[in-house]
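Letter by letter, the chains look like this.
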Amino acid sequence: MGARKRLRAEKLKAEKRVTAVASLRECPTSPRKMRLVADMIRGVEINKALGMLRYSKKEASVRLEKLLRSAIANWEAKNQGVSLEETPLCVKTIFVDGGRQLKRIQPAPQGRAYRIRKRSNHVTIIVDRMVQAAPAAVAAEAPAKEAKATATKKTAAKKAADVKPENAAN
């Protein structure tokens, strides 16, 4: 094995050590309905995501909540010495793939038949540590926001000064 390939393999192994994966196969819900719920929790911190799933009215949220709890348990099993309370985790990746379709027939008028497709899906969740914003980057954003606010104030003052007195009276 070449040096670059070996280094890449070691890097991937190190990444796999800190991430946890959980997957749900052949879930009897249409992928479209499951994606609506999956999009809500993508990139969200796990405690907030669990709360969102717990109080959602969608049927798919019950299954996703159970799957997220499984992913958290997998992360705890991989990281024995690390406390879950100390480490902020988030839903790094979640994706929903289409599964097998069961094809059924519904009788229709005049001897015809309509086809019913009962869809299923596969869901995969990857839980990882949250990426903390660097303090230098946060400090750099604050002056930029202040500069932008003062610039807008200056332009508003300039526009107000451009109004001619004879036009203001009319």
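Here is a short report on the structure shown in this document.

The rules behind these values
Residues numbered from 1 in each chain as written. Predicted model: local features only at pLDDT ≥ 70, side-chain atom pairs only at ≥ 80, totals over all residues. Heavy atoms only, no water. Helix = DSSP H or I, 4+ residues; strand = E, 2+ residues; numbered from the N terminus. Expected span 1.5 Å × (residues − 1). Buried < 20%, exposed > 50% of the residue type's maximum accessible area, 1.4 Å probe, protein only. Contact = heavy atoms within 4.5 Å. Patch = residues over 30% accessible without salt bridge, like charges linked within 9 Å, V, L, I, M, F, W, Y side chains within 5 Å. Areas by Shrake-Rupley, 256 points an atom, 1.4 Å probe, with all protein chains shown as cover. Salt bridge = Lys/Arg side-chain N within 4 Å of Asp/Glu carboxyl O. Lys, Arg positive; Asp, Glu negative; His and termini not counted. Charge placed at Lys NZ, Arg CZ, Asp CG, Glu CD. Pairing = 2+ DSSP bridges. Axes fitted to C-alpha atoms, helices over the stretch in contact; angles between N-to-C directions. Polar contact = N/O pair within 3.5 Å; in protein donor to acceptor, adjacent residues only side chain to side chain. Arc of directions from axis to C-beta.

## Description of helix α4 (residues 60–78)
Here α4 spans 27 Å end to end across 19 residues, near enough to the 27 Å set by a 1.5 Å rise per residue. All of the buried residues in α4 are A60, S61, L64, E65, L67, L68, A71, I72 and W75. In the core, the buried residues of α4 are packed alongside α1 (3–18), β1 (20–27), α2 (31–41), α3 (46–54), β2 (89–98) and β5 (121–129).

## Quick notes on a positive patch on the surface
A cluster of basic side chains, namely K103, R115, R117 and R119, defines a positive patch on the protein surface. Relative to the helices and strands, R119 is located in the loop between β4 (113–118) and β5. Take R119: its relative accessible area is 37%, and that puts it in the partly exposed class.

## Topic: the sheet that holds β5
Taken in spatial order, the three strands line up as β1-β5-β2 in an open sheet, and their pairing is antiparallel. Single-partner strands in this sheet number two, and they are β1 and β2. Averaged over neighbouring strand pairs, the angle between their axes works out to 15° when direction is ignored. The sheet contact formed by β2 and β5 spans nine bridges and is antiparallel. Bridge assignment links I94 to a residue of β5, and that residue is I125. Contacting β1, β2 and β5, α2 runs over the sheet at an angle of about 165° to β2.

## Section: the side chain of D128
Residue position: D128 is located in strand β5. A residue is classified by how much of its surface remains accessible, and D128, at 12% relative accessible area, is buried. Contacts of D128, omitting those with residues within four sequence positions, involve V18, T19, P88, L89, C90 and K92.

## Here's the deal with the environment of E45
One can find E45 in the loop between α2 and α3. In this structure E45 comes out as partly exposed when scored by relative accessible area, which is 24%. In this structure E45 touches L89, C90 and M130, once residues within four positions along its chain are discounted. In this structure the side chain of E45 is engaged in a polar contact, spanning 3.3 Å, whose partner is the backbone nitrogen of N47.

## Some points on α2
Buried within α2 are the following residues: P31, M34, V37, A38 and I41. Down the axis of α2, the smallest arc covering the buried residues is 130°, so these residues share one side. Among the exposed residues of α2, those pointing more than 90 degrees away from its buried face are R32 and K33. Along its buried surface, α2 packs onto β1, α3, α4, β2 and β5. Once α2 ends, the next one or two residues include G43, with phi positive near 80°.

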